[in-house]
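Reading the structure
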Amino acid sequence: MRKGMVGFFMVLCCGALLASGCAKKEMMKGEEGISPPSTAKPAEQIPAKPSVKEEVVQEQPIKEAPASVKEETMKSAKAGESALERIYFDFDSFVLTQPSRDTLYKDAEWLLKNNPVKVQIEGHCDERGSDEYNLALGEKRAKAAMNYLVTLGVLADRLSIISYGKEKPLDPGHDEAAWAKNRRAEFVIISK
Amino acid sequence: MKRAFFTLLFMLFPALVHAQQGYLEVTAQGSHQLQLAIAPPVSLAGGQSAEVSQETTEVFRFDMSLAGPFTVASPRVTEGRSGIRPGDFDFVPWKSAGTDLLIKTGYSLTGDNLTLECRLYDVMKERELTAKRYTGKRKELRRMAHTFSDEIMRVITGEKGPFTGKIAFVSTTTGNKEIYLMDYDGFNVQRLTRNGSINLNPEFFPDGREIIFSSYKKGNPDLYRREIFSGVEARVSSSRGINVTGAVSPDGKRIALAISKDGNSEIYTIDKDGKHPTRLTNNGAIEVSPAWSPDGSKLAFVSDRLGKPQVFIMNSDGSNVRRLTTSGTYNVSPRWSPKGDRILYCRQEGGGFQIHAINPDGSNDSQLTSEGNNEHPRWSPDGRFITFGSKRGGKEAIHVMRADGAGQTKVSRGKGEDSHPTWSPRW
């Protein structure tokens, strides 16, 4: 029994030594991680400006409005937005539909009339695709819109593109009506 | 019962032998699970603390329930002597309760200083398997217990557990998508970014001290590298267009990502400081989401070059492209297992995504999830567990499960929608 206890103590000591040595090192690393991020810059917390949220549309009844037809009337008169109309896409597609081409034709007319204005075209997707793939798909949508405007005579250096993937849905709903609204390209005036 | 236990020992011994080679699949199907009991922690010195006792038990219960080889039992055992050292308690009542493995824990709490002494016993053999003592502050209790859980996995399976690891993820708690860090079980949530913009896709460097992520903080979706402890950030890819879905190479020297400056998104690799870009794909289709093989020689990625997004594999110099996923019309988000034997990906079916695993040669495709919408799977560093974002009714939340899809458990409990988890290297 005594022999057993001695053996046990040796095991324990070794184990404890290893453990405490190792644990302490790890603890310190852990501790480092704990303070800086949480205390660093509390001032910046919760920016008052939730960049471009579309609250107006959130309140719309979801069932109404087959997207491509009535969407324009919902447009909020926010700074940065223009008389340019959004266009819409089919699921997992960046091909311009005929209604989208018609809209872009009107948008091109407006751009040609308002010559110095520069516009950023935002490409957006609905929530169903993967968010990673949608970042690339949104860009293709914006680019398709830009290319078409250029063929209609708008100078390419007045147009830029950005993709938000599915990060900025226009309609927070989870049905086809919402998705149809969210698969879109938008036009934001960045300089007059 | 005895017979069952002998079988178990046979299972365990090869495990220990194999430990040197470093791998044992702990979730071998059909195997008998070890019944593990957690004795109520006892005070070794100083006063009792019901909180310490309860929290310790909770951590062990959570870790061991997820672990795989164990069934965590709560036998009603009345101990005559309830010490934690060999000879200070009796095995008999545990034996008759059917316990195979027993965790005994003692603590001493003096002011804010905590010592936790943890011991694992093989009840049938009346033998101690491992003993560790941890000292630190009271707030480090969970970490101490997770460390012993990792040790239990080492003793039983030959490879340490990943339970001391952290999960980085994206949360909308503030109304914006910011990057957060938490223990793998959802505790100790810390916010990392506070730029009020959209931040996406955090991934760890192999040393666990830095992450990369994409952010719109300067307008364009650029790729950033950030030291976790200091908060220092560097913008490492800011080409015109998207700079997204970054993945750090296993040696930590290169970053694979999707860049669209050539007109549409292509897979590139860059140095960790953004230098020496190498373009790997050259295709009018969408290419995103590169994932390194563990030896760094190959990359899985997503391309819609055949019409719909599918997972492809290429050598890490861009050569030898071949298609990996052949069934399903929309397959994305590949992640190569740390041992190289499996690739996770997400398949869109029936309006949502489900997580699948497949061999790198395209064989043995199996579906791991079926409830709700499940995306963005990432391996634990030992490859035995998976974390993923899942929406099941309520908010999207971070979940964990075993590599075979068993034990799916929600771990994030925040106010926001939580997504894009990634499991840190051992912390």
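Residues numbered from 1 in each chain as written. Chains lettered and ligands numbered in written order. Predicted model: local features only at pLDDT ≥ 70, side-chain atom pairs only at ≥ 80, totals over all residues.

Helices and strands together make up the secondary structure of chain B, namely four helices and 30 strands. Compactness check: chain B gives a C-alpha radius of gyration of 23 Å against a globular reference of 22 Å for 427 residues, within 12% of the reference. Overall size of chain B, expressed as C-alpha extent along the three principal axes, is 75 × 50 × 40 Å. Expressed as a percentage of the 427 residues in chain B, the buried residues total 52%. The long-range share in chain B, meaning contacts at least 24 apart out of those at least 6 apart in sequence, stands at 44%. (Helix = DSSP H or I, 4+ residues; strand = E, 2+ residues; numbered from the N terminus. Rg over C-alpha atoms; globule rule 2.2 N^0.38 Å. Buried ≥ 20, exposed ≤ 12 C-beta atoms within 10 Å, placed from the backbone. Contact = placed C-beta atoms within 7 Å.)

Another aspect to go through is the sheet that holds strand 15 (residues 254-259) of chain B. Residue and element names in this part refer to chain B. Pairing within the open sheet is antiparallel, and its four strands lie in the order 14-15-16-17. Among the strands making up the open sheet, the edge pair consists of strand 14 (243-248) and strand 17 (278-279). Sheet topology places strand 14 next to strand 15; four bridges connect them, and they run antiparallel. Directly across from V244, in strand 15, lies its bridge partner A258. (Pairing = 2+ DSSP bridges.)

Let us look at the confidence of the model for chain A. Residue and element names in this part refer to chain A. Mean pLDDT over chain A: 70, with 57% of residues reaching 70 or higher. Within chain A, helix 2 (residues 55-58) has the poorest average pLDDT of any element, 33, and strand 1 (residues 87-88) the best, 97. In the model, residues 1-81 has pLDDT below 50 throughout and makes 76 contacts with residues more than four positions away in sequence or in other chains. (pLDDT = per-residue confidence, 0-100.)

Another aspect to go through is the pairing of strand 24 (residues 352-358) of chain B. Residues and elements named next belong to chain B. Counting buried positions along strand 24 yields six of seven residues, so the element is predominantly enclosed. Relative to strand 24, strand 23 (residues 343-349) runs antiparallel, the two sharing seven bridges. Bridge pairing in strand 24 links Q348 to F353. Taking the residues between adjacent antiparallel strands as the criterion, strand 23 and strand 24 are bridged by two residues, where G350 takes a positive phi near 60°. Summarising the sheet, strand 24 and strand 25 (residues 366-367) pair through two bridges and their orientation is antiparallel. Looking across to strand 25, one finds that A357 is bridged to S366.

On to the sheet that holds strand 4 (residues 184-191) of chain A. Sheet strands associate in pairs through backbone hydrogen bonding, adopting either a parallel or an antiparallel arrangement. All names here are of chain A. Across the sheet, four strands lie side by side as 1-4-2-3; this open sheet has mixed pairing. Since the sheet does not close on itself, it has two edges, and those belong to strand 1 and strand 3 (159-165), each with one partner. The sheet contact formed by strand 2 (residues 118-124) and strand 3 spans six bridges and is parallel. When the bridges of strand 3 are listed, H124 appears paired with G165.

With that out of the way, let us pick up unusual backbone geometry. All names here are of chain B. If you check the backbone angles, S333 has positive phi at about 60° while not being a glycine. Relative to the elements of secondary structure, S333 occurs in strand 22 (residues 331-336). For N364, which is not a glycine, the phi torsion comes out positive at approximately 60°. For N364, the position within the fold is in the loop between strand 24 and strand 25.

For the rest of this paragraph, the subject is the nonpolar core. Ranked by internal contacts, the top residues of the largest apolar core, which has 135 residues, are A:I121, A:A145 and B:A300. By residue number, the principal contributor to this core is helix 5 (residues 131-151) of chain A, which donates nine residues. Looking at which domains feed residues into this core, each of domain 1 (2-157) and domain 2 (166-423) of chain B gives three or more. (Core = buried A, V, L, I, M, F, W, Y, C linked by C-beta atoms within 7 Å. Domains from an automatic or database assignment.)

With that settled, consider the domain arrangement of chain B. Residue and element names in this part refer to chain B. When its domains are assigned, chain B resolves into domain 1 (2-157) and domain 2 (166-423). Placing the centre of domain 1 and that of domain 2 at their C-alpha centroids yields a distance of 34 Å. On the side of domain 2, 13 residues touch domain 1, which itself brings seven residues to the contact. Among the residues making up the side of domain 1 that touches domain 2, the classes are represented as four nonpolar, two polar and one charged. (Nonpolar A, V, L, I, M, F, W, Y, C, P; charged D, E, K, R; others polar.)

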